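Spelled out, the chains give:
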There are 2 protein chains.
Amino acid sequence: MYFSKSFIPILKNNPTEATIKSHQLMLRVGMIKQSSAGIYSWLPLGFKVMKKIERIVREEQDRIGAQEILMPTIQSSEIWKESGRYEDYGEEMLRIKDRQGREILYGPTNEELITDIFRSSIKSYKSLPQLLYHIQWKFRDELRPRFGIMRCREFYMKDAYSFDINDDEAIYSYNKFFLSYLRTFKRLDLSAIPMSADTGPIGGNLSHEFVILADTGESKIYTDKRIFEVQSDKAILNKENLNDLRNKFDKYYAVTDEKFNKKDFDEKVPEEFRLSTKGIEVGHIFYFGDKYSKPMNASVDYQGKKEFVKMGSYGVGVSRLVGAIIEAKYDNKNEIMKWPISVAPFDCGILPLINKNDTKNLDKAVKISNLLKKNGLDVLIDDTEENFSSKIKKFNLLGIPFQIMIGNKNEGDIFEFREIGIESKNISINEIVEIIKKKKV
Amino acid sequence: MYFSKSFIPILKNNPTEATIKSHQLMLRVGMIKQSSAGIYSWLPLGFKVMKKIERIVREEQDRIGAQEILMPTIQSSEIWKESGRYEDYGEEMLRIKDRQGREILYGPTNEELITDIFRSSIKSYKSLPQLLYHIQWKFRDELRPRFGIMRCREFYMKDAYSFDINDDEAIYSYNKFFLSYLRTFKRLDLSAIPMSADTGPIGGNLSHEFVILADTGESKIYTDKRIFEVQSDKAILNKENLNDLRNKFDKYYAVTDEKFNKKDFDEKVPEEFRLSTKGIEVGHIFYFGDKYSKPMNASVDYQGKKEFVKMGSYGVGVSRLVGAIIEAKYDNKNEIMKWPISVAPFDCGILPLINKNDTKNLDKAVKISNLLKKNGLDVLIDDTEENFSSKIKKFNLLGIPFQIMIGNKNEGDIFEFREIGIESKNISINEIVEIIKKKKV
């Protein structure tokens, strides 16, 4: 892809309306464009990152045996009246009347709709457990949308739901998602802590928030530093093993301010391990038993009688993660962003120095680009006539993790090559290909 | 995947509320579930088909150099007032007031929003052409939604937009999409005719509808049969070549009833080539010049003055295509569906005969399934205790193109194998793998 033909509208300066890093950067490099208050369009650069995050989220849902479906954005008010949440939900729910005067709404979450789908589809306990998920746009009519896509109105979310015959099985399902979230955030190169959390309007009595550390986070968090050392790599999909895994995390104090209790914190956490800082919520899981299945009559036949299914729900903010990764990775002072290669919009940038009427370096760039493409790498060539220093400055903001410089002094197959944030070196193009490919695996 | 654990809720009989084939079949095999009038949830079977269609549509957009973005579902009324369509659009537009009383709407189409994005991003003619597309949910508040997902309210659509400096370039962009649509429908194994069409509320004076033949179609069509013989395989992305391609189609009479003129039809089409039948619209492309760019002031600098860009728009109904393929392929009388392998929910079904306490055939099924998976094939094992004839009946409806039967009389590696709709034969499992893989390429 040539930069001049790409739809990446870059701003010269940080937009003044943005106050946090992710919002500034996303507007500056044209990842998003605001269309109205709290509502954004995703331009190619932002779209590519979000799609790669979505793919990782999807793969980790599939890996624990969840099945993907897709519920609509618009829901009927009827099912919300059945569960009793229609009145409770408040003004954040976007309530709509259609042309026939029927009450409909833009779904802020899907507990009711999935329960409705379940109850009309599954009759026997033999079909349990069922883990279903979808990745769909949601709408919450925030009074004061802010921080770009971090607290916006229309947002892209993965929400999953589990259905089991009893508490014991339901906790097993809960723990599967617990594991899948640890795996997901790890692949995004984020260090996310699972914290005991309040259940809020979703309900239930067991809940974890997954929070990443960031100075600009909206949640205050209090945690025992040792929680960062807990390993989850060897976990397997087995009841006992997953229980152990969760216990390993749960034994460390880690809460957001809603659950914070100073006395507990001081008692349970030795002083040297206490950490109180800010974080960003990137996932939230809930176990709420029959809170929805009972009023909505979602049951299965079990040993001759009706049993209300036990449910949990599991959310990851897919669009929010784009911003969260920036908050975690962007070096604002030096204006350097480096996307984890798993979600980078391109694998490598090629920056040829181009003078009018001399296409020598551009020709070289195209040749290198073809070689990289043959190796399965996605490349952006800066074919503008800017000088090196403005090209590098621009590419440092784009966050493509690798850069190849093509100046007038190149000799043979040796080029200046840089992994963003690390000093450049002159190496052969074949070595470059090997380095990037190795990183990408 | 085991059938007993899958979320594929099958109905015993055709649902009475459905009157056309696709609606009946999709409800019957649990591809979709209605959530409210004209609004559906996509269950795993339907979801998989739709995602595969989406992927083909995406690949063919990328292939002509279009860049993918994602615009939100909710739009501000402001831009629609700028273009003058806010009042015109009528009651099919779902108009909403948010909690602050602002007029917003659920986008039925995106000409205004994309024009707004373009005008704030692109300043120079050097960045043209720009071909942008997105695949997003739309809403049209149909007075009488019907025929399942064929005429529903919330639907999934790919819409693309082109921006060029003058008519000549703009027609080139138009023709690129013309080609990409021919390629898309071909990969879906559909024979779609490009027909001269009215432009309706989108505007402009050049437009083609892509229509597939189906008795249940809502459009009456009149065409010269020779249009089916036109070849497009060798077309390349070159101005002249694409002009020739379009001329080859345009020289044959092919219109929907809105443009039908009996005198023309009789004059231009020799009697033996006349075909008047019904069809389903699966794509629609428009060229409308500066209809939106002028009122919305979307211009670029060109030779020292402002030039309004010339625009076109290009839609494919992704969710509708699921239904359209069923209308084209489903043999209602014999209750046999066969998905094109490019979009089939699974590549192969495995149907073991299972008696209580005897897992021999199920074990064989799992072994075969592992072999097929190793070969990159996606498999559904029917692990229920139903007899052969009900399993086959069910799988004929699911439409998975291949079936392997495992009965008690199997010898060694030889199994009964059937491509749906064709007589079965007893062949070795290795031959089976080769046949499916060959078909899948």
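Residues numbered from 1 in each chain as written. Chains lettered and ligands numbered in written order. Predicted model: local features only at pLDDT ≥ 70, side-chain atom pairs only at ≥ 80, totals over all residues.

1. Concerning the overall build of chain A
- Helices and strands together make up the secondary structure of chain A, namely 12 helices and 21 strands.
- The C-alpha atoms of chain A give 24 Å as radius of gyration, which agrees with the globular expectation for 441 residues (22 Å, within 12%).
- When the backbone C-alpha atoms are referred to their principal axes, chain A occupies close to 80 × 60 × 40 Å.
- When each of the 441 residues of chain A is scored for burial, the buried share is 50%.
- Within chain A, contacts between residues separated by at least 24 positions form 72% of all contacts whose residues are at least 6 apart in sequence. (Helix = DSSP H or I, 4+ residues; strand = E, 2+ residues; numbered from the N terminus. Rg over C-alpha atoms; globule rule 2.2 N^0.38 Å. Buried ≥ 20, exposed ≤ 12 C-beta atoms within 10 Å, placed from the backbone. Contact = placed C-beta atoms within 7 Å.)

2. Describing the confidence of the model for chain A
- In the predicted model, chain A carries a mean pLDDT of 95, and 100% of its residues have values of at least 70.
- Of the two predicted TM-score estimates for the complex, the pTM is 0.97 and the ipTM is 0.96. (pLDDT = per-residue confidence, 0-100.)

3. What about the nonpolar core?
- One finds Ile53 and Ile404 of chain A together with Ile53 and Ile404 of chain B to be the most contacted residues of the largest nonpolar core, which totals 265 residues.
- Contacts of Ile53 of chain A, omitting those with residues within four sequence positions, involve Leu188, Val318, Leu321, Val322 and Val343 of chain A. (Core = buried A, V, L, I, M, F, W, Y, C linked by C-beta atoms within 7 Å.)

4. Some details on unusual backbone geometry
- Backbone torsion omega between Leu128 of chain A and Pro129 of chain A reads -5°, so that peptide bond is classified as cis.
- Look at Asp189 of chain B: it is not a glycine, yet its phi comes out positive at around 60°.
- Its location among the elements puts Asp189 of chain B in the loop between α6 (167–187) and β9 (192–196).

5. A word on the packing of helix α2 (residues 44–63) of chain A against helix α6 (residues 167–187) of chain A
All names here are of chain A.
- As a packed pair, α2 and α6 sit with axes 9 Å apart at the nearest point and diverge in direction by 150°. On the basis of their axis angle, the class for α2 and α6 is roughly antiparallel. α2 and α6 meet at a crossing whose hand is right-handed. Counted together, Ile56, Val57, Glu60, Gln61 and Arg63 of α2 and Ser180, Arg183, Thr184 and Arg187 of α6 form the full contact between these two elements.
- Along the lines of polarity and charge, the residues of the contact of α2 with α6 split into 2 nonpolar, 3 polar and 4 charged. (Axes fitted to C-alpha atoms, helices over the stretch in contact; angles between N-to-C directions. Parallel < 35°, antiparallel > 145°, perpendicular 65-115°, else oblique. Left-handed = near helix turned anticlockwise from the far one by under 90°. Nonpolar A, V, L, I, M, F, W, Y, C, P; charged D, E, K, R; others polar.)

6. Overview of the relation of the copies chain B and chain A
- Relative to chain A, chain B is turned by 180° and slid 0.0 Å along the rotation axis, the superposed coordinates differing by an RMSD of 0.0 Å. Taken together, the rotation and translation relating the two chain copies correspond to the operation of a two-fold axis. Every residue of chain B has its C-alpha some distance from the rotation axis, and the shortest such distance is that of Ile96 of chain B, at 3.0 Å.
- The residues that chain B uses at the interface reappear at the interface of chain A in 98% of cases, marking a shared surface. (Least-squares fit on C-alpha atoms with pLDDT ≥ 70 in both.)

7. Overview of helix α9 (residues 318–329) of chain B
- Under the 1.5 Å per step criterion, the end-to-end length of α9 of chain B is 17 Å for 12 residues, consistent within 8% with the ideal 16 Å.
- Of all the residues in α9 of chain B, the buried ones are Val318, Ser319, Arg320, Leu321, Val322, Gly323, Ala324, Ile325, Ile326, Glu327 and Ala328 of chain B. (Expected span 1.5 Å × (residues − 1).)

8. A few points about the packing of α6 of chain A against helix α7 (residues 239–250) of chain A
Residue and element names in this part refer to chain A.
- Direction vectors running N to C along α6 and α7 enclose 60°, while the axes themselves pass 9 Å from each other. In this view, α6 runs oblique relative to α7, as classed from their interaxial angle. With respect to the hand of their crossing, α6 and α7 are arranged in left-handed fashion. Each of Tyr172, Asn175, Lys176, Phe178 and Leu179 in α6 lies in contact with α7, whose residues at this interface are Lys239, Leu242, Asn243, Leu245 and Arg246.
- Considered class by class, the residues forming the contact of α6 with α7 number 5 nonpolar, 2 polar and 3 charged.

9. Notes on the interface of chain B and chain A
- With 44 residues of chain B in contact, the opposing surface of chain A contributes 43 residues.
- In terms of residue class, the side of chain B that touches chain A is built from 22 nonpolar, 14 polar and 8 charged.

10. A closer look at the environment of Phe118 of chain B
Residues and elements named next belong to chain B.
- Structurally, the position occupied by Phe118 is in helix α5 (residues 111–121).
- Owing to 24 C-beta atoms within 10 Å, Phe118 belongs among the buried residues under this scheme.
- Here the alpha-carbon distance between Phe118 and Asp383, two residues 265 residues apart in the chain, equals 54 Å.
- When sequence neighbours within four positions are dropped, the list of residues in contact with Phe118 reads Gln130, Phe163 and Ala298.

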